[in-house]
Amino acid sequence: MTRAPILQVRGLSKRFPIRSSWLERKPAFVKAVDGVDFQIDAGETFGLVGESGCGKTTVATLLVKLLEPSGGEIRFAGQDTARLNAAAIREFRKQVQIVFQDPYGSLDPRQTMLSALIEPLFVLGIAGSRAQAIEHARRAFEMVGLDAELLRRLPHELSGGQRQRVVIARALAVGPRLIILDEPTSSVDVSVQAQILTLLEELKRRQRLTYLLISHNLAVVRHMSNTVAVMYLGRIVEQAESATLFSAPLHPYTAALISAIPIPDPDAPRLTALAQGDVSSPVNTPSGCRYHPRCPYAQDVCRHDDPLLRELQPGHRVACHFPAVAAGR
Amino acid sequence: MNDRPAVLEIEGLNVELSISGRWVPALNQVNLAIHRGEALGLIGESGSGKSLTALSVPGLLPANARVTGGSIRLMGEELLGKTEQELNKLRSRSVALVFQNPTSYLNPVLTIGQQIAEIFEVSPELLGPARMSRREQRRLAREKAVEYLRLVKTPDPERIVRQYPFELSGGMQQRTVIAMGLVRRPHLVIADEITTALDVTVQAQILALLAELRRSIDMTLLLITHDMGIIAQLADSVAVMYSGSVIEYADARSLFRTPKHPYAKALLEAVPTLQSGDTIFRPIPGGIPAITDPPPGCRYHPRCSHAFAPCSVTVPAPVLPEAGRVVACHLYSAAS
């Protein structure tokens, strides 16, 4: 496969100031994203996993320019997204779309599905006339397997699965190349989850899309992604091809995440809780390796030296001082 | 299968919900039994009635719900028809409930130690048969609080008893809620989606704790979840619910190896797992029916690939295709 990067992210960081009392001189920051590098090739699904607070959703909001980064660079199709003029931003928004977790929160409760779908078409100058916009909306509805009849409905008149299809249709209607899916199935029931995932795969094939899939559900990411990156406290700690990452993880955190998923088989070995304690605070990040307070293999060096993300095998990057130990090999 | 005494027996339970001024059946003829030391998993998607079933045990149904028939027995004692006062006694002694969001079940202005001590103030007999002074009682209550926090594997319990809930992480809060439930040495622990709000690495710690408590204190558990993995890891037997009814009941191994009801089977195939490699999971077509407007006959028939003539007409009666197994499906009633 020829590698043609569609998105390149270098040294991306985002700090949020936290209100401190007037007694404290030094302002404090939450380092939500703290130096993240990755690239997504055209046509692939790039999975980003991690627990709550690891910064995966902040990465998504930075990528679509809903937030400005505190540092680093995002290049989409070779262009630095920080240096786009108004016209170029509009073009960027046509090419990069995002689908959020809660479709109920992304739809105006008093807006019909039709008007929710055609609004971006006018804003981005895709449709010239109302008739043209309606035609676009109908086609988008058809693509996600919804009846055009539902275009007249309000959000509360649809089921959770239907609402999720609507927000996918709205993203598709502008003809994007890259869609960021932030927990696209975590608000729907399991029987509906499988429908949405199958739909996303089919759309990707038919529309030649590229996905950035953000999820805390490892099984979903494993099934959908070509490449997977694992985030912990604002950093990528491991990245590899999906099959490799899940069968031979090198970072102890990845290994702990995988072993924490209960296996739906009564004869499978019982769960082992490899990670100790809880995620550390993103305000006072631990010294050295950020995972060391929870890591069963932590040595002295882990408490002092911050391990760099390095490529150990082609396409397999890991930030750990003792990657082989972690893998149990 | 299990010759130990039954802790909980639910028979023919019918519950209705009032929705826009109309009473609608929400639970239909639910039957369940849990024996001492057993863990029964109750699985189903949202709206299947699993939480309603659990809440009817301690009589904690919401105001818009009413029981219209059936029986709930705890240690052989009928619970339906009990007065609020009798139920209060039951809630404080026999049944412990742990829910999804521990923050809502802890008092934000009391330390963990004070909250646990409150339980002993209400029920001083838990401290032992001897009569003792107030001071003695307080000292013992503090000691017991630390002891129970240690039972649920809280690191540094002496420090935790002096802390307020907001100082604890979600996982630690859930541990303290479990500890508070166990203080009363209940006959039955009902755990309703207790790890849903937690991160997976912390969920693994809580699940390991539950498994350990089953061994160490012979805990009897009604485990409610939508996660097949959690059921497989913890439950001895499983009841699968769909739209207000138990559609299959079996021991966990049989259910996972050879699910009989088409919905149970489809549910197992619809969930992607880390182990299933690249095999494609199979979505279930359609959606969960609204209880206000359920399809006639078997409520699963519009989504079922095996549906045949009787499915859209009559509700399938539960049948026993083999020992210890109950299935409510015409495929099996036709054969018997």
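Note that the coordinates shown come from a computational prediction; the quantities given were computed from them, not determined experimentally. (Residues numbered from 1 in each chain as written. Chains lettered and ligands numbered in written order. Predicted model: local features only at pLDDT ≥ 70, side-chain atom pairs only at ≥ 80, totals over all residues.)

Caption draft 1: The arrangement of the overall build of chain B in detail. If you tally the helices and strands in chain B, you get eleven helices and twelve strands. In terms of principal-axis extent, the alpha carbons of chain B reach across some 70 × 50 × 45 Å. Taken across its 336 residues, chain B has 44% of its residues classed as buried. Partitioning the intrachain contacts of chain B with sequence separation of at least 6 by distance along the chain shows that 63% fall at a separation of at least 24. (Helix = DSSP H or I, 4+ residues; strand = E, 2+ residues; numbered from the N terminus. Buried ≥ 20, exposed ≤ 12 C-beta atoms within 10 Å, placed from the backbone. Contact = placed C-beta atoms within 7 Å.)

Caption draft 2: Just the overall build of chain A, in detail. The helix and strand tally for chain A stands at eleven helices and twelve strands. For 329 residues, the compact-globule estimate of 2.2 N^0.38 gives 20 Å, and the C-alpha radius of gyration of chain A, at 21 Å, lies within 12% of that figure. Counting only C-alpha atoms and orienting by the principal axes, one finds that chain A spans roughly 70 × 55 × 45 Å. Taken over 329 residues, chain A has a buried fraction of 45%. Taking as baseline every contact in chain A between residues at least 6 positions apart, the subset at least 24 positions apart corresponds to 64%. (Rg over C-alpha atoms; globule rule 2.2 N^0.38 Å.)

Caption draft 3: Up close: the packing of helix α5 (residues 160–173) of chain A against helix α6 (residues 190–207) of chain A. Residue and element names in this part refer to chain A. For the pair α5 and α6, interaxial distance at closest approach is 10 Å and the crossing angle is 15°. Judged on the interaxial angle alone, α6 and α5 are roughly parallel. Once α5 is placed against α6, the crossing between them reads as right-handed. Residue-level contacts link Gly160, Gly161, Gln164 and Leu172 of α5 to Val192, Gln195, Ile196, Leu203 and Gln207 of α6. (Axes fitted to C-alpha atoms, helices over the stretch in contact; angles between N-to-C directions. Parallel < 35°, antiparallel > 145°, perpendicular 65-115°, else oblique. Left-handed = near helix turned anticlockwise from the far one by under 90°.)

Caption draft 4: Structural context of the pairing of strand β9 (residues 237–242) of chain B. Residue and element names in this part refer to chain B. Of all six residues making up β9, six are buried, and the element is well covered by its neighbours. Of the two faces of β9, the one carrying Ser237, Ala239 and Met241 and the one carrying Val238, Val240 and Tyr242 are both buried. Strand direction decides the pairing type here: strand β3 (residues 39–43) and β9, joined by four bridges, are parallel. In the sheet register, leucine 40 faces β9, and the bridge partner there is serine 237. In terms of strand pairing, β9 meets strand β10 (residues 245–251) through six bridges, oriented antiparallel. By the bridge assignment for β10, serine 237 is matched with aspartate 251. (Pairing = 2+ DSSP bridges.)

Caption draft 5: Geometry of α6 of chain A. Look at α6 of chain A: 26 Å from first C-alpha to last across 18 residues, which is about the 26 Å you get at 1.5 Å a residue. All buried positions along α6 of chain A are accounted for by Val190, Ser191, Val192, Gln193, Ala194, Gln195, Ile196, Leu197, Leu200 and Leu203 of chain A. As for α6 of chain A, its buried residues are in contact with α4 (130–143), α5 and α7 (218–224) of chain A together with α10 (262–270) of chain B. Positive phi appears at arginine 208 of chain A, one or two residues downstream of α6 of chain A, with a value of about 50°. (Expected span 1.5 Å × (residues − 1).)

Caption draft 6: View of the pairing of strand β8 (residues 210–215) of chain A. A large share of β8 of chain A lies buried, amounting to six of its six residues. Side chains Thr210, Leu212 and Ile214 of chain A project from β8 of chain A onto one buried face, and the interleaved Tyr211, Leu213 and Ser215 of chain A project onto a second face that is buried too.

Caption draft 7: Representation of the sheet that holds strand β9 (residues 227–232) of chain A. All names here are of chain A. Across the sheet, eight strands lie side by side as β6-β7-β8-β3-β9-β10-β12-β11; this open sheet has mixed pairing. Of all the strands in the sheet, just β6 (96–99) and β11 (310–313) have a single pairing partner and so form its edges. In this sheet, neighbouring strand axes are inclined to one another by 20° on average, regardless of whether the strands run parallel or antiparallel. Pairing of β9 with strand β10 (residues 235–241) involves six bridges; the strand directions are antiparallel. Bridging across to β10, methionine 231 finds its partner in isoleucine 236.

Caption draft 8: How the structure looks around the interface of chain B and chain A. Counting residues at the interface gives 37 residues for chain B and 35 residues for chain A. Of all the secondary-structure elements, those providing two or more residues to the side of chain B that touches chain A are α7 (200–217), α8 (228–234), α9 (252–257) and α10 of chain B. Sorting elements by how many residues they give to the side of chain B that touches chain A places α7 of chain B first, with nine residues. For the side of chain B that touches chain A, the per-class residue count stands at 20 nonpolar, twelve polar and five charged. (Nonpolar A, V, L, I, M, F, W, Y, C, P; charged D, E, K, R; others polar.)

Caption draft 9: Representation of the sheet that holds strand β1 (residues 6–19) of chain B. All names here are of chain B. Across the sheet, four strands lie side by side as β2-β1-β4-β5; this open sheet has antiparallel pairing. Where the open sheet ends on each side, the last strands, each with one partner, are β2 (22–35) and β5 (77–78). Where strand β4 (residues 65–74) lies against β5, two bridges are found, and the strand directions are antiparallel. Residue pairing in the sheet places arginine 73 in a bridge with glutamate 78 of β5.

Caption draft 10: The domain arrangement of chain B, seen in detail. All names here are of chain B. For chain B, the assigned domains read domain 1 (6–94 + 186–335) and domain 2 (99–185). Using only C-alpha atoms to locate each centre, domain 1 and domain 2 end up separated by 31 Å. Of all the elements in the fold, those that place two or more residues in the side of domain 1 that touches domain 2 are α2 (84–93), β7 (188–192) and α7. With four residues, the single largest contributor to the side of domain 1 that touches domain 2 is α7. Grouping the amino acids of the side of domain 1 that touches domain 2 by side-chain chemistry returns eight nonpolar, three polar and three charged. (Domains from an automatic or database assignment.)

Caption draft 11: Helix α3 (residues 113–123) of chain A, seen in detail. Met113, Ala116, Leu117, Ile118 and Leu121 of chain A are the residues of α3 of chain A that are buried. Looking at the residues trailing α3 of chain A, positive phi occurs at glycine 125 of chain A, about 65°.

Caption draft 12: The nonpolar core, seen in detail. Judged by nonpolar contacts, the single largest core of 185 residues is most densely connected at Ala169, Leu212 and Val230 of chain A together with Leu222, Leu223 and Val240 of chain B. In terms of domain composition, this core takes at least three residues from each of domain 1 (6–94 + 186–335) and domain 2 (99–185) of chain B. Here valine 230 of chain A is in contact with Val49, Gly50, Ile236, Val237, Glu238, His251, Tyr253, Thr254 and Leu257 of chain A, once residues within four sequence places are set aside. (Core = buried A, V, L, I, M, F, W, Y, C linked by C-beta atoms within 7 Å.)

Caption draft 13: Summary view of the environment of leucine 309 of chain A. Residues and elements named next belong to chain A. Here leucine 309 is to be found in the loop between α10 (300–304) and β11. On the basis of neighbour counts, which here come to 19 C-beta atoms within 10 Å, the residue leucine 309 falls in the partly exposed class. Ignoring anything within four residues of it in the chain, the contact list for leucine 309 reads Ile236, Arg317 and Ala319.

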